[in-house]
Amino acid sequence: MIIMAPVLLILLGATEILQADLLPDDKISLLPPVNFTIKVTGLAQVLLRWEPNPDQEQRNVNLEYQVKINAPKEDDYETRITESKCVTILHKGFSASVRTILQNDHSLLASSWASAELHAPPGSPGTSVVNLTCTTNTTADNYSHLRPYQVSLHCTWLVGTDAPEDTQYFLYYRYGSWTEECQEYSKDSTGRNIACWFPRTFIHSRGRDWLAVLVNGSSKHSAIKPFDQLFALHAIDQINPPLNVTAEIEGTRLSIQWEKPVSAFPIHCFDYEVKIHNARNGYLQIEKMMTNAFISIIDDLSKYGVQVRAAVSSMCREAGLWSEWSQPIYVGKDEHKPLREWFLIVLMATICFILLILLLICRICHLWIKLFPPIPAPKSNIKDLFVTANYEKAGSVETEIEVISYIEKPGVETLEDSVF
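What counts as what
- Residues numbered from 1 in each chain as written.
- Predicted model: local features only at pLDDT ≥ 70, side-chain atom pairs only at ≥ 80, totals over all residues.
- Heavy atoms only, no water.
- Phe/Tyr/Trp six-rings, centres within 6.5 Å; stacked < 30°, edge-to-face > 60°.
- Helix = DSSP H or I, 4+ residues; strand = E, 2+ residues; numbered from the N terminus.
- Buried < 20%, exposed > 50% of the residue type's maximum accessible area, 1.4 Å probe, protein only.
- Pairing = 2+ DSSP bridges.
- Axes fitted to C-alpha atoms, helices over the stretch in contact; angles between N-to-C directions.
- Salt bridge = Lys/Arg side-chain N within 4 Å of Asp/Glu carboxyl O.
- pLDDT = per-residue confidence, 0-100.
- Contact = heavy atoms within 4.5 Å.

### Concerning the packing of aromatic side chains
Next up, step 1: The full count for this structure, using the stated rule, is 6 aromatic pairs.
Next up, step 2: Ring centres of W178 and F202 lie 4.0 Å apart, and the angle between their planes is 40°; this geometry places the pair in the tilted category. Here W178, found in strand β12 (residues 178-181), pairs with F202, found in the loop between β14 (193-198) and β15 (210-218); they are 24 residues apart in sequence, far enough to count as distant.
Next up, step 3: Looking at F202, the relative accessible area reads 40%, which means it is partly exposed.

### Concerning the sheet that holds strand β13 (residues 185-187)
Next up, step 1: Spatially, 4 strands are ordered β9-β10-β14-β13 in an open sheet, and the strand pairing comes out antiparallel. Of all the strands in the sheet, just β9 (130-140) and β13 have a single pairing partner and so form its edges. Adjacent strand axes in the sheet meet at a mean angle of 15° when their direction is disregarded.

### Digging into the pattern of salt bridges
Next up, step 1: The tally for this structure, following the rule as stated, stands at 7 salt bridges.
Next up, step 2: One salt bridge in this structure joins R200 and D141, with 3.3 Å as the shortest N-O distance. Within this pair, whereas R200 is found in the loop between β14 and β15, its partner D141 is found in the loop between β9 and β10 (149-158), the two being separated by 59 residues in sequence.
Next up, step 3: Classification of D141 by relative accessible area gives buried; the value is 8%.
Next up, step 4: Among the ionic pairs, E273 bridges to R309, the shortest N-O distance being 2.8 Å. Of the two residues, E273 is situated in strand β19 (residues 270-278) and R309 in strand β22 (residues 303-312); the sequence distance between them amounts to 36 residues.
Next up, step 5: On the accessibility criterion, E273 (13% relative accessible area) is buried.

### Description of the confidence of the model for the protein
Next up, step 1: Scored by pLDDT, the protein has a mean of 83; 78% of the residues are at 70 or more.
Next up, step 2: Here residues 11-25 scores under 50 on pLDDT; set against residues more than four positions off or in separate chains, the count is 7 contacts.
Next up, step 3: For the stretch residues 385-420, pLDDT sits under 50, and the model shows 24 contacts to residues farther than four places along the chain or on other chains.

### Side note on the side chain of S296
Next up, step 1: Mapped onto the elements, S296 comes out in strand β21 (residues 293-297).
Next up, step 2: S296 gets classed as buried once you look at its relative accessible area, which sits at 7%.
Next up, step 3: Residues in contact with S296, not counting those within four places in the same chain, are T252, R253, L254, I276 and Q285.

Put into structure tokens, the structure is as follows:
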């Protein structure tokens with residue numbers, strides 16, 4: 001036991017020394033990278049490159065680098081290699097920093113920063129274009145089997161507020177490694193370019209890369225400041241409307257079918273909206289679906305307008321713009337009654353309504369009895385017959401019998417006779 005104790009101490013000491021050689025020392029000194037440069041490699045694209053510090057102490061550790069973009073938009077990421085590509089606008093200038101870092105389970109060690117900067121390109125304030133907007137659209141190319149779909153590009157902008165009258169603008173786009181200058185411009189009343197049209201481009205119809213667009217200019221009176229902008233394709237791609245929309249009515253069932261738009265995306269990559277307009281009552285129904293067919297229960301006495309539009313589903317690409325509505329198609333019967341018939345119906349309904357109101361008023365206020373009181377019926381008294389007969393008989397023998405009258409009062413009868 002006495003002999004084993006020193007041996008164990010020696011083994012423990014050797015293990016600690018070995019671990020110290022293999023694990024990073026918290027007190028290691030990290031030095032910043034050297035020869036940090038920023039190089040423009042394309043429209044809105046730069047390459048950051050640096051080298052490890054030659055004086056950096058080498059150990060059995062894996063050094064990494066932290067890159068920090070300072071302008072025009074802050075960003076922060078880590079890498080193990082000594083270069084990095086960055087896609088960003090450059091008309092405002094660009095600056096970045098890099099440092100050496102070492103991470104372990106307990107802490108993060110980092111060197112000081114090495115920085116580099118690209119200054120903003122020269123140009124007078126207020127001379128660059130403003131409100132630059134671009135849209136893409138896919139068309140079928142029946143002449144190419146390698147690229148059955150072509151993407152067009154259309155961009156518009158406004159002239160800078162302080163741009164001289166002789167300013168002329170020029171547009172370029174970059175997609176991937178391809179850069180192209182515009183050849184078809186639209187001009188304003190003074191002859192300055194304010195729009196550009198690319199009927200065919202090298203933009204991939206299902207691409208996900210950024211589209212970079214640059215507009216610079218020239219003038220004899222001042223330096224025109226360039227302007228660049230990045231566009232996400234899903235945000236500017238104008239989808240075509242669905243094709244061959246058909247609709248038919250069977251009883252009270254309205255069946256609608258269509259085909260997918262002209263697009264490089266397959267049929268399962270689309271969402272649809274169907275718009276049904278009831279021409280009789282103005283009711284508008286909009287339904288969203290993922291299939292290319294729809295059935296609705298309707299009133300078979302009306303006429304309907306049907307339209308469909310499409311958008312690329314989020315399953316295949318980030319959600320973007322909806323297409324325009326397809327051209328409306330109309331189905332059903334528009335059973336509008338003639339004007340004369342409608343007039344007679346409305347007139348009769350009005351007369352009936354007025355008579356009903358008058359009848360109710362008369363019944364409530366007893367106006368009918370007041371306007372048309374009942375006529376009392378004459379009383380039939382058998383005595384009148386005898387009196388009249390006696391009068392006629394007495395007259396024939398020169399004896400006059402006069403019947404004065406019967407005076408009727410409620411509940412009382414009086415007979416007055418005078419005989420001479």
